[in-house]
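Here's the letter readout for the chains.
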Amino acid sequence: MTTREENHRIEKQEDSMSTSTQTPTPTQTPTPAPARAPHSDVPTGHKDESKVGGGLFDPRQLLKSLPDACRKLDPRVMVKSPVMFVVLVGSVLTTVFSFKEPGDWFGWAISAWLWLTVIFANLAEAVAEGRGKAQADTLRKAKTDTVARRLTPDGKSEEQVPGTELRIGDRVVCEAGDIIPGDGDVVEGVASVDESAITGESAPVIRESGGDRSAVTGGTKVLSDRIVVKITTKPGETFIDRMIALVEGAARQKTPNEIALNILLASLTIVFLLAVATLPPFADYAGSHLSMVVLVALLVCLIPTTIGALLSAIGIAGMDRLVQRNVLAMSGRAVEAAGDVSTLLLDKTGTITLGNRQASEFVPVAGTTEAEVADAAQLSSLADETPEGRSIVVLAKERYGLRERHQGELAGAEWIAFTAQTRMSGVDVDGRRIRKGAAGSVVAWVREQGGVVSEDAGALTDRISEAGGTPLLVAVEDSDGARILGVIHLKDVVKEGMRERFDELRRMGIKTVMITGDNPLTAKAIAEEAGVDDFLAEATPEDKMALIKREQAGGKLVAMTGDGTNDAPALAQADVGVAMNTGTSAAKEAGNMVDLDSNPTKLIEIVEIGKQLLITRGALTTFSIANDVAKYFAIIPALFAAVYPGLDKLNIMHLSSPDSAILSAVIFNALIIIALVPLSLRGVRYKPMSADRMLRRNLTIYGIGGLIAPFIGIKLIDLLISLIPGL
Amino acid sequence: MGPVLAGVLQLLALIVALGLAYVPLGDYMARVYSSDKHLRVEKWIYKAIGADPDTQMRWPAYLRGVLAFSFVGVLFLYLLQRLQGVLPGSLGFSSIDPDQAFNTAVSFVTNTNWQSYYGEQAMGHLVQTAGLAVQNFVSAAVGIAVAVALVRGLARSRTGELGNFWSDLVRGVVRILLPFCVVAAVVLVACGVIQNFSGIHEVGQFMGGSQQWNGGAVASQEAVKEFGTNGGGYFNANSAHPFENPTPFTNLFEIFLLLVIPFALTRTFGRMVGSLKQGYAILAAMAAIWVGFVALMMWTEFAHHGPAFDIAGGAMEGKEQRIGVGASSIFAVSTTLTSTGAVDSFHSSFTGLGGGITILGMQLGEIAPGGTGSGLYGMLIMAVIAVFIAGLMVGRTPEYLGKKIGTREIKFAACYILVTPALVLVFTAAAMALPTPGHSMANSGAHGFSEILYAYSSAANNNGSAFAGLNANTQWFNTTLGLAMALGRFLPMVFVLALAGSLAEQRPVPVTAGTLRTEKPLFTGLLVGAILIITGLTYFPALALGPLAEGLAS
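Rules used throughout
- Residues numbered from 1 in each chain as written.
- Chains lettered and ligands numbered in written order.
- Predicted model: local features only at pLDDT ≥ 70, side-chain atom pairs only at ≥ 80, totals over all residues.
- Heavy atoms only, no water.
- Helix = DSSP H or I, 4+ residues; strand = E, 2+ residues; numbered from the N terminus.
- Rg over C-alpha atoms; globule rule 2.2 N^0.38 Å.
- Buried < 20%, exposed > 50% of the residue type's maximum accessible area, 1.4 Å probe, protein only.
- Contact = heavy atoms within 4.5 Å.
- Lys, Arg positive; Asp, Glu negative; His and termini not counted.
- Charge placed at Lys NZ, Arg CZ, Asp CG, Glu CD.
- Axes fitted to C-alpha atoms, helices over the stretch in contact; angles between N-to-C directions.
- Parallel < 35°, antiparallel > 145°, perpendicular 65-115°, else oblique.
- Left-handed = near helix turned anticlockwise from the far one by under 90°.
- Nonpolar A, V, L, I, M, F, W, Y, C, P; charged D, E, K, R; others polar.
- pLDDT = per-residue confidence, 0-100.
- Pairing = 2+ DSSP bridges.
- Core = buried A, V, L, I, M, F, W, Y, C linked by side-chain atoms within 4.5 Å.
- Arc of directions from axis to C-beta.
- Salt bridge = Lys/Arg side-chain N within 4 Å of Asp/Glu carboxyl O.
- Polar contact = N/O pair within 3.5 Å; in protein donor to acceptor, adjacent residues only side chain to side chain.
- Buried area = accessible area lost by both parts, 1.4 Å probe.

Looking only at helices and strands, chain B features 18 helices and four strands. In terms of C-alpha radius of gyration, chain B reaches 22 Å, essentially the compact-globule figure of 24 Å for 554 residues. Principal-axis analysis of the C-alpha atoms places the extent of chain B at approximately 75 × 55 × 50 Å. For chain B, with 554 residues in total, the buried portion stands at 64%. Sequence-distant contacts in chain B: of pairs separated by 6 or more residues, those separated by 24 or more amount to 78%. Seen as two clouds, the 28 positive and the 27 negative side-chain charges of chain B have centres 18 Å apart.

Given below as structure tokens:
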């Protein structure tokens with residue numbers, strides 16, 4: 001991000017372009033102009049966004065992923081999940097024992113359901129991966145083998161080489177219609193580029209040498225002009241390659257929290273393994289012989305299969321939810337860290353405020369009326385195509401009912417367009433010369449025309465500056481001479497719903513810090529209006545870095561967005577650094593996530609997705625462990641009521657027979673996995689609230705629910721089984 | 001006054017007494033372990049043992065101290081018993097056999113106090129006072145030291161230092177256990193507990209015949225037996241013996257003694273981590289389980305089954321008339337929920353379900369309130385496990401007292417919770433599967449199984465009480481129970497100290513609205529639920545074949 005000096009209007013405008021929008025301005029429009037901004041920073045109903053929704057789940061995916069699920073039965077793959085590996089070994093054991101007693105329907109039924117348990121677990125993972133695969137296929141299409149036009153080292157001639165032979169530092173030429181052969185930075189020229197292959201957004205974006213919008217991605221297409229690109233990535237390691245690997249889950253590594261959970265699950269599995277393995281001598285003493293099939297069934301029911309089966313699917317789906325929002329997390333670790341974030345650094349422009357300032361009032365100097373100012377402001381802004389200029393015309397129309405006039409309407413008018421040099425726009429018509437623009441420029445113009453600057457103009461502009469606004473002066477030269485008419489108050493407009501959003505974040509225990517190049521006064525005014533907890537004014541990249549380090553020293557995890565090369569160190573230092581896809585390669589390299597939409601507001605959603613991922617894991621673990629209670633009440637009486645009739649009192653579900661009780665528990669255990677696949681892919685419903693309320697809610701649903709649900713489920717399955725004749 | 005009302009009133013009196021002692025004792029212990037000053041007597045001790053009490057130890061050094069000290073303790077106690085026959089003060093008893101000497105040495109060093117011998121028929125004054133009584137003090141102090149090291153791990157940050165083991169050990173003995181035990185012993189003597197070095201008396205019985213009784217320094221040993229949650233009685237009958245526990249008051253006083261340090265340590269914990277509320281939350285979890293178990297026990301023991309129970313006012317078999325059903329129930333629950341293992345009644349004679357409650361009490365891992373020190377660290381480990389599962393449900397990497405529960409931390413906590421179930425289940429299964437151990441059972445059927453399950457639950461959890469009936473003085477039981485006690489004591493300590501070291505290195509995470517509040521009742525409820533479910537699931541099949549089969553039979 002460039003250092004900002006907000007008082008200079010034109011710079012401000014460029015600034016807003018770098019962070020949030022690529023709307024071309026008159027001064028910068030290359031040909032052909034993109035039809036519209038690739039994305040809009042107009043807020044879209046925050047109320048809906050505040051709940052992290054899930055991806056869609058289509059039951060047909062289950063069927064489609066079945067072959068993959070069977071392929072995953074390979075023990076070398078299964079061993080990665082200790083819980084499910086135990087189930088696999090159990091399935092093999094019961095099957096072997098069933099072959100020894102082929103007449104025993106019970107053994108076969110248990111074996112079949114154990115195999116199903118394993119397959120259901122693999123299915124969950126396969127479905128989660130399958131969703132990424134579709135996306136990877138689309139990306140692969142973009143990665144067609146390109147022929148690069150490499151410049152020879154002297155830069156004078158071109159040679160044709162395959163895209164795969166490019167090396168870092170090579171310079172290639174791309175002209176309209178060419179596919180850019182690899183990741184790199186534009187070192188020469190400006191072009192509009194179609195990045196839809198990666199972002200899915202069809203509107204083209206501008207890429208030009210120098211500045212923060214120089215990065216181009218291999219696989220994207222140049223629509224106009226000619227650029228020279230310096231390759232920055234080796235073939236095979238390009239952005240698109242990494243994206244494919246990520247969405248396919250090939251590069252997936254277990255995250256720290258997932259490893260920790262796996263350790264806990266493994267230790268619980270060992271405890272239950274011990275509980276079951278030591279049971280035969282106890283049972284023999286009691287006078288009841290336990291078959292291997294029954295022991296395996298008991299073991300599988302006790303070990304936390306539900307969470308064991310769904311754990312990796314939850315992780316993959318979490319990444320996938322980000323991908324669906326066009327955010328690429330370079331590691332699962334970053335997604336988890338997002339859930340832990342306690343400080344959010346948010347750029348003011350584009351995140352908290354709309355990209356552009358808007359006119360909010362016309363203030364006349366002594367001796368003129370508001371209507372006069374409005375009229376002059378409108379006329380002088382007709383030739384100003386900047387968003388600020390447009391907002392003046394709109395305000396005049398809305399507030400003062402001044403019909404928008406068009407440049408053609410006024411005969412003989414001479415239009416003075418806004419330029420960065422003059423910092424003024426205006427019109428000469430009917431003997432009147434009207435000007436509007438930055439205070440310094442207009443004052444200079446009035447003096448040039450021999451006019452007098454009224455005294456209260458200075459006071460008015462100061463007042464507006466102090467309130468956090470930007471003053472523009474309106475002046476006229478007519479028969480009465482040159483003079484200032486009034487001041488236009490330009491104001492940063494805080495996006496709708498931001499205050500509520502920040503309140504929610506506060507309830508979640510997250511502190512928001514607004515980062516702005518504005519002076520402290522302006523920053524304070526906007527910070528108060530938006531409701532952020534803190535702000536950093538006149539922020540330089542060094543200030544940002546210092547702020548991050550300070551927060552981290554206090555044990556906090558910090559998330560931020562950035563796009564410029566000078567943001568790179570801060571992005572790397574932050575625990576969650578989201579680079580905008582419009583940004584430089586350095587920024588993208590430094591961050592651990594890339595937002596393809598380049599929408600900084602998304603940081604909030606990323607945090608929510610991170611939390612949702614952890615909550616889903618915790619909820620299903622709790623559910624899984626709570627489930628065991630009911631299974632004991634089904635299986636223990638079934639095993640031992642014959643030798644100790646008193647134990648039948650534990651058969652509180654009144655299951656019809658011992659065999660049916662055990663089978664029902666096993667079937668429930670398998671079916672609950674399939675039943676929870678949609679939840680694990682979608683994630684537990686998440687609404688921002690305090691930790692206490694969230695714990696109460698989830699504990700009730702997944703803890704108490706987990707205790708009760710299997711009692712009902714097992715009873716129902718038992719009822720169905722008891723209907724089967726001959727059992 | 002009916003026996004039920006009497007029991008309830010005694011329980012209330014006990015709770016009031018514990019409540020009164022909680023704050024002063026807890027705060028005092030916090031001061032003891034936070035102070036920089038050494039008493040003169042402590043300086044002499046440091047000089048004598050060649051320890052520098054001011055060096056800070058990282059966890060491996062602290063652990064080395066614990067293990068080395070305990071190993072020397074076992075060796076000394078073993079030799080003392082083996083040489084008893086040739087040493088003075090033996091009361092004429094011969095040396096103890098190797099397997100039993102090993103078992104007893106391990107038993108007292110591990111704060112278990114499992115006794116496979118009859119105190120009055122095997123151990124002379126020298127072994128009782130110079131060997132067993134000394135270990136009663138130091139083994140309790142070692143337990144508190146390890147707990148304090150874990151608390152420091154939670155309280156400190158960005159350092160691996162957990163304090164100094166020698167200083168913690170010596171202070172525990174000199175400033176906490178000794179002075180309070182002197183007072184407690186005086187109270188006990190005043191109430192009729194004996195304290196002498198007299199020899200063996202031949203006493204005539206009124207049914208004819210005669211009996212040999214010996215005296216001893218009983219009151220002093222009784223005080224530390226309870227106060228240090230040791231449980232090893234001077235006499236075989238333990239606190240059911242009138243010389244150890246003569247009146248209903250001494251009975252209640254002994255229950256108070258064995259509960260007071262484990263409960264008060266939660267206050268010490270709260271003080272040392274700078275949040276008394278965190279201590280109250282842990283206290284609430286301990287107290288909820290303890291009160292719940294007492295209520296259940298009273299219910300099963302007072303529940304009348306048939307005319308014999310009706311006449312006696314409850315299940316009186318194996319209980320002392322002077323103590324009654326109510327107080328015996330409170331004692332039985334308190335002694336099994338702490339790692340004490342003293343008994344004033346015979347758990348084997350409790351109703352089937354009542355016996356089950358004592359077994360489950362030990363299987364919870366001696367954490368409600370648990371042994372001196374071991375109760376606190378065991379409960380904190382469970383808190384770490386509960387935080388890990390519940391913390392995920394609030395959408396953050398779980399943290400306890402600002403310390404993140406990551407891969408390393410959960411690894412140590414998971415190993416901790418594996419140890420005792422593995423020991424109990426594997427040894428019990430081996431005893432049931434092998435042909436000879438079963439011969440030790442006094443009963444057949446489910447009750448016989450309960451005897452063996454009880455023995456290993458008691459040993460591995462360092463409780464030390466026995467389900468009377470089992471003849472544990474065999475090579476098999478002396479050896480395997482000895483191993484269970486040693487592994488059940490020291491392996492968990494390894495993981496606790498490793499966890500403490502790992503926590504102490506962390507930088508604390510500040511508390512925000514997104515933090516799981518571990519001082520709230522919701523978390524306490526969750527903790528209790530997690531403990532009951534995890535323990536229940538582990539032992540349910542075994543319990544079903546023992547006490548549940550017996551208790552549900554009628």
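This paragraph deals with the packing of helix 27 (residues 691–723) of chain A against helix 18 (residues 521–551) of chain B. For the pair helix 27 of chain A and helix 18 of chain B, the least separation of the axes is 11 Å and the interaxial angle reads 25°. Considered as vectors, helix 27 of chain A and helix 18 of chain B are oriented roughly parallel to each other. Pair helix 27 of chain A / helix 18 of chain B crosses with left-handed handedness. Across from Asp692, Leu695, Arg696, Leu699 and Leu707 of chain A in helix 27 of chain A, the residues of helix 18 of chain B making contact are Leu522, Leu526 and Ile533 of chain B. For the contact of helix 27 of chain A with helix 18 of chain B, the class distribution of residues is six nonpolar, no polar and two charged.

Attention now goes to the confidence of the model for chain B. Of all residues in chain B, 98% attain a pLDDT of 70 or more, and the chain-wide mean is 92. Reported for the predicted complex are a pTM of 0.85 and an ipTM of 0.93.

This next bit is on the sheet that holds strand 2 (residues 158–162) of chain A. Residues and elements named next belong to chain A. Strands sit in the order 2-1-3-9-4-7 across an open sheet of six strands; the sheet is antiparallel. Edge positions in the sheet fall to strand 2 and strand 7 (215–216), since each has one partner strand and no second. Bridging between strand 3 (residues 171–175) and strand 9 (residues 226–231) involves five bridges; their strand directions are antiparallel. Along strand 9, the bridge assignment pairs Arg171 with Lys230.

Here Val23 of chain B lies in helix 1 (residues 3–34). A C-alpha to C-alpha distance of 30 Å links Val23 of chain B and Thr55 of chain B, two positions 32 residues apart in sequence.

Bringing the sheet that holds strand 20 (residues 558–562) of chain A into the picture now. Residue and element names in this part refer to chain A. On the basis of which strands lie adjacent, the open sheet formed by seven strands has the order 10-22-21-20-11-18-19 and mixed pairing. With partners counted over all chains shown, the strands left at the sheet margins are strand 10 (327–329) and strand 19 (534–536), one partner each. Neighbouring strand axes in the sheet, compared pairwise and without regard to direction, differ in orientation by 20° on average. Here three bridges tie strand 11 (residues 343–347) to strand 20, and the two strands are oriented parallel to one another. The partner of Leu344 across the bridge, within strand 20, is Ala559. Along the sheet, helix 22 (residues 541–553) contacts strand 11, strand 18 (511–515), strand 19 and strand 20; its crossing angle with strand 20, the most-contacted strand, is approximately 160°.

Here the residue pair Ala368 of chain B and Pro369 of chain B is connected by a cis peptide bond, since its omega of 0° sits within 30 degrees of zero. We note that Asp225 of chain A has phi near 65°; this positive angle belongs to a residue other than glycine. Mapped onto the secondary structure, Asp225 of chain A falls in the loop between strand 8 (221–222) and strand 9. The exposure class assigned to Asp225 of chain A is partly exposed, which follows from its relative accessible area of 32%. Phi angles above zero are rare outside glycine, and Glu366 of chain B is one such case at about 55°. Position of Glu366 of chain B among the secondary structure elements: in the loop between helix 13 (352–363) and helix 14 (374–392).

Bringing the nonpolar core into the picture now. In this structure, Leu344 and Met593 of chain A together with Ile261, Ile282, Trp290, Tyr400 and Leu527 of chain B are the most contacted members of the largest nonpolar core, which totals 318 residues. The element best represented in this core is helix 25 (residues 602–640) of chain A, accounting for 21 residues. When residues no more than four places from it in sequence are discounted, the contact partners of Leu344 of chain A are Leu505, Ile510, Lys511, Thr512, Val513, Ala559, Leu603, Ile604 and Val607 of chain A. Core analysis: the second largest hydrophobic core is formed by 22 residues, Leu382, Val427, Val429 and Val476 of chain A among them.

Okay, helix 21 (residues 520–530) of chain A next. Residue and element names in this part refer to chain A. Of the positions making up helix 21, those classed as buried are Thr522, Ala523, Ile526, Ala527 and Ala530. On an axial view of helix 21, the arc spanned by its buried residues comes to 130°, and they lie on one face. Once helix 21 ends, the next one or two residues include Gly531, with phi positive near 85°.

All right, on to the packing of helix 3 (residues 59–82) of chain B against helix 17 (residues 475–505) of chain B then. Residues and elements named next belong to chain B. Running from N to C, helix 3 and helix 17 cross one another at 160°; their axes reach a closest spacing of 9 Å. Comparing the axis directions of helix 3 and helix 17 gives the class roughly antiparallel. Helix 3 and helix 17 meet at a crossing whose hand is right-handed. Contacts between helix 3 and helix 17 involve Trp59, Tyr62, Leu63, Val66, Leu67 and Ser70 from the first element and Phe490, Met493, Val494, Leu497, Ala498 and Gly501 from the second. When the residues that make up the contact of helix 3 with helix 17 are grouped by side-chain class, the tally is ten nonpolar, two polar and no charged.

Evaluation of the coordinates by the stated rule reveals 43 salt bridges over all chains. The closest approach of N and O atoms between Lys511 of chain A and Glu551 of chain A, which form a salt bridge, is 3.0 Å. Of this pair, Lys511 of chain A sits in strand 18 while Glu551 of chain A sits in helix 22; the two residues are 40 residues apart in sequence, bridging distant segments of the chain. Owing to a relative accessible area of 9%, Glu551 of chain A belongs among the buried residues under this scheme. Notably, a salt bridge pairs Glu226 of chain B with Lys225 of chain B, separated by 3.5 Å at the nearest N-O pair. Within the structure, one salt-bridge network assembled from shared partners comprises Arg149, Glu158, Glu175, Asp178, Glu188 and Arg226 of chain A.

Residues and elements named next belong to chain B. Note that Asn230 resides in the loop between helix 8 (218–227) and helix 9 (248–273). There is a polar contact of 2.7 Å between the side chain of Asn230 and the side chain of Asn111. Non-local contacts of Asn230, meaning those with residues more than four positions away in its chain, are made with Asn111, Thr112, Asn113, Gln135, Asn136, Ser139, Val224, Lys225, Ser339, Thr340 and Asn463.

The interface of chain B with chain A comprises 60 residues on the first partner and 60 residues on the second. The junction of chain B with chain A conceals about 5100 Å² of combined surface from both sides, 76% of it contributed by carbon and sulfur atoms. Of all residues in chain B, Met393, Leu537 and Leu545 of chain B bury the most surface against chain A, accounting for 15% of the area lost on that side. Between the two partners, chain B and chain A, sit one salt bridge. Applying the counting criterion to the chain B and chain A interface returns 13 residue pairs in polar contact (both at pLDDT 80 or more).

Taken residue by residue, chain A gives an average pLDDT of 82. The fraction at 70 or more is 89%. Under a pLDDT of 50 for its full length, residues 1–55 of chain A has, in the predicted model, 131 contacts with residues more than four places off or in other chains.

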